[in-house]
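Now for the letters of each chain:
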Amino acid sequence: MKHTHIIGVGGYLPEHIMTNDDLAKVVDTSDDWIRERTGITQRHIIAKDEYTSDLATRAGAQALEDAGMSINDIDAIVVATTTPDMIFPSTASMVQHKLGGKGFPAWDIQAVCSGFVYGLAQVDGMMRGGMFKRVLLIGAESMSRILDWQDRNTCVLFGDGAGAVVLEYKDDEGGIIGSVLHCDGSYRDLLRAKHAHPGASPHNDRLDMNTDAAGVAAVEMKGNEVFRFAVTKLGEVVHEVLEKYDIKQSELDWLVPHQANIRILKATAKKLGMSTDQVALTVSKHANTSAASVPLALNDIYRAGKVQKGQLLLLEAFAGGFAWGANLVRWSK
Ligand code: UT7
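Residues numbered from 1 in each chain as written. Predicted model: local features only at pLDDT ≥ 70, side-chain atom pairs only at ≥ 80, totals over all residues. Heavy atoms only, no water.

**Structural notes on the side chain of Ser290**
Here is step 1 of the chain: Here Ser290 is to be found in the loop between α9 (283–286) and α10 (293–303).
Here is step 2 of the chain: On the basis of relative accessibility, which here comes to 0%, the residue Ser290 falls in the buried class.
Here is step 3 of the chain: Those residues in contact with Ser290 that sit more than four places away from it in its chain are Thr82, Val112, Cys113, Glu141, Met143 and His258. (Helix = DSSP H or I, 4+ residues; strand = E, 2+ residues; numbered from the N terminus. Buried < 20%, exposed > 50% of the residue type's maximum accessible area, 1.4 Å probe, protein only. Contact = heavy atoms within 4.5 Å.)

So, in structure tokens, the structure goes:
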């Protein structure tokens, strides 16, 4: 039977690393507080002359290489991002051009930190419907460009990066089993970036305290309320997706969660009866890279040689909106 398979995986993190101690020089915080409350020790920050599409292009190129494919083998590019280069055209169209592609469809989707999980569900559905045979799906963010670097409640939590997968619809064992998605817009004000911004371009550099953008409120969050809701809804959605596809939690090999906070990840793993070494954990080194966090976590365990053919993976994410969801994948690579 035909399924959508992950046949290539890639990731890219900008070179510059900002540690918690570096951050403590910018805002009133400490390494101890950040580690204890979030599990984060450092984050990668995009270079002044880089765009989200540059991170996405590098991750996409690595995923194509891993799949043994060129851009000419691809039927579509989908980029999940909250921090597009510009309001338009789409970051996906920039990535298509930078990878040397032409003609095939390319578009962005926006579900904030759940963007990759939403994207995987969307592309899988389209592939099952016969639209495409091979798709490059990327989650890419430069969150540092939409943070208020004077707000310690939010600026310590995020980082920049990109993760990517090449998806192929083919007759083979395993692949994407299915997905569950949710959104409840009544919670829209608890986590948001309400100001229209001119795209996450270098002109909008919030780390440069001499620009107009510095200190302008962007990402705002009622952390405590988001935390409680995330723990509850993620606990529900992981069981919902298992039930929907008639799979027991004891069959799971890997949890590949959105990397917002180590305490949230551990709470979800506990609800699934999984040990910490069954969880893809990158929050410590990457912080929260929004739509990039799930594919970067997948890339991390994949490149470490930890994921075996036939293993069962549960991907999940929780985001502003609130928007949340989960995908079940039988690893077939
Ligand atoms: O990706 C989308 C989903 N996002 C999330 O899931 C994030 C969910 N929320 C969280 O991860 C946590 O709520 C936070 C890490 C954001 C905050 O942790 P918390 O344990 O909920 O702390 P809190 O907000 O209750 O703050 C406790 C104290 C406060 O001081 P007072 O009022 O008790 O005196 C804060 O002002 O910690 C203070 N605080 C800080 N102190 C040092 C807040 N941020 C910082 C900071 N450094 N960076």
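Picking up after the structure, the text goes on.
**Considerations on the sheet that holds strand β6 (residues 134–142)**
In a beta sheet, neighbouring strands pair by backbone hydrogen bonds and run either parallel or antiparallel.
Here is step 1 of the chain: In space, the five strands of this open sheet follow the order β1-β7-β6-β4-β5, with mixed pairing throughout. The strands lining the two open edges of the sheet, one partner per strand, are β1 (2–12) and β5 (106–109). Averaged over neighbouring strand pairs, the angle between their axes works out to 20 degrees when direction is ignored.
Here is step 2 of the chain: This element, helix α3 (residues 52–67), spans β1, β6 and β7 (160–171) of the sheet and lies at about 125 degrees to β1. (Pairing = 2+ DSSP bridges. Axes fitted to C-alpha atoms, helices over the stretch in contact; angles between N-to-C directions.)

**Some remarks on the packing of helix α7 (residues 223–244) against helix α8 (residues 262–271)**
Here is step 1 of the chain: Between α7 and α8, whose axes approach to 9 Å, the crossing angle comes to 30 degrees. Put simply, α7 runs roughly parallel to α8. Note on packing geometry: the crossing formed by α7 with α8 is right-handed. Between α7 and α8, the residues in contact are Phe227, Ala230, Val231, Thr232, Leu234, Gly235, Val238 and His239 and Arg263, Ile264, Ala267, Thr268 and Lys271, respectively. (Parallel < 35°, antiparallel > 145°, perpendicular 65-115°, else oblique. Left-handed = near helix turned anticlockwise from the far one by under 90°.)

**Observations concerning unusual backbone geometry**
Here is step 1 of the chain: Backbone torsion omega between Phe88 and Pro89 reads 0 degrees, so that peptide bond is classified as cis.
Here is step 2 of the chain: Put simply, Gly321 and Phe322 share a cis peptide bond, and its omega is -15 degrees.
Here is step 3 of the chain: A positive phi angle, near 45 degrees, is found at Val112, a position not held by glycine.
Here is step 4 of the chain: A positive phi angle is found at Ala287, which is not glycine, with a value near 60 degrees.
Here is step 5 of the chain: Mapped onto the fold, Ala287 is located in the loop between α9 and α10.

**A few points about the layout of surface pockets**
Here is step 1 of the chain: When its volume is computed, the largest pocket comes out at roughly 1000 Å³.
Here is step 2 of the chain: Lining the largest pocket we find 45 residues, and of these Leu157, Phe158, Leu191, Met221 and Gly223 sit closest to its centre.
Here is step 3 of the chain: For the lining of the largest pocket, the secondary structure elements donating two or more residues are α2 (31–38), α6 (152–155), β9 (191–193), β10 (219–221), α7, α8 and β12 (312–319).
Here is step 4 of the chain: Among the elements that line the lining of the largest pocket, the one with the most residues is α7, at six residues.
Here is step 5 of the chain: In terms of residue class, the lining of the largest pocket is made up of 22 nonpolar, 15 polar and eight charged. (1 Å grid on protein atoms, 1.4 Å probe; cavity = no way out; pocket = protein on both sides within 12 Å on 5 of 7 lines; lining within 4 Å. Points joined across faces, edges and corners; volume = space filled by probe spheres on them. Nonpolar A, V, L, I, M, F, W, Y, C, P; charged D, E, K, R; others polar.)

**Description of the site of the ligand**
Here is step 1 of the chain: Neighbouring the ligand are 23 residues, the closest being Thr29, Arg37, Asn224, Asn261 and Asn288.
Here is step 2 of the chain: With respect to the ligand, the side chain of Trp33 contributes an N or O atom lying 3.2 Å from an oxygen atom.
Here is step 3 of the chain: Measuring from an oxygen atom of the ligand, one finds a side-chain N or O atom of Arg37 at 2.8 Å.
Here is step 4 of the chain: Protein burial of the ligand: of its 960 Å² of free accessible surface, 75% is covered by the chains.
Here is step 5 of the chain: Mapping the ligand onto the cavity grids shows that it belongs to the largest pocket.
Here is step 6 of the chain: For the shell around the ligand, the elements supplying multiple residues, two or more each, are α2, α6, α7 and α8.
Here is step 7 of the chain: With four residues, α7 is the single largest residue contributor to the shell around the ligand.
Here is step 8 of the chain: Residues that form the shell around the ligand fall into these classes: 11 nonpolar, eight polar and four charged. (Near = heavy atom within 4 Å. Polar contact = N/O pair within 3.5 Å; in protein donor to acceptor, adjacent residues only side chain to side chain. Areas by Shrake-Rupley, 256 points an atom, 1.4 Å probe, with all protein chains shown as cover. Sits in = over half its atoms within 2 Å of the grid points.)

**A word on the packing of aromatic side chains**
Here is step 1 of the chain: Scanning the entire structure with this criterion turns up nine aromatic pairs.
Here is step 2 of the chain: Centroid distance Tyr187 to Phe229: 4.2 Å. Interplanar angle 50 degrees. Geometry classified as tilted. Of the two residues, Tyr187 sits in the loop between β8 (175–183) and β9 while Phe229 sits in helix α7, which places them 42 residues apart along the sequence.
Here is step 3 of the chain: Owing to a relative accessible area of 27%, Tyr187 belongs among the partly exposed residues under this scheme.
Here is step 4 of the chain: Here Phe318 and Trp324 contribute two aromatic rings whose centre-to-centre distance is 6.0 Å and whose plane-to-plane angle is 35 degrees, an arrangement assigned as tilted. Accessibility classification places Phe318 together with Trp324 in one group, the buried group.
Here is step 5 of the chain: Among the aromatic residues, ring-to-ring pairing joins Tyr187, Phe229, Phe318, Phe322 and Trp324 into one connected group. (Phe/Tyr/Trp six-rings, centres within 6.5 Å; stacked < 30°, edge-to-face > 60°.)

**Considerations on the environment of Met274**
Here is step 1 of the chain: Inspection of the secondary structure assignment puts Met274 in the loop between α8 and α9.
Here is step 2 of the chain: Considered as a pair, Met274 and Leu255 are 19 residues apart in the sequence and their alpha carbons are 8.1 Å apart.
Here is step 3 of the chain: Excluding its chain neighbours within four sequence positions, the residues that come into contact with Met274 are Leu252, Asp253, Trp254, Leu255 and Ala269.

**Here we look at the sheet that holds strand β13 (residues 323–330)**
Here is step 1 of the chain: Spatial strand order, β8-β13-β12-β11: four strands in an open sheet with mixed pairing. Of all the strands in the sheet, just β8 and β11 (254–257) have a single pairing partner and so form its edges. Averaged over neighbouring strand pairs, the angle between their axes works out to 15 degrees when direction is ignored.
Here is step 2 of the chain: Its contacts with the sheet put helix α5 (residues 115–128) on β8, β12 and β13, and the angle it makes with β8 is roughly 125 degrees.

These figures capture arrangement, not role.
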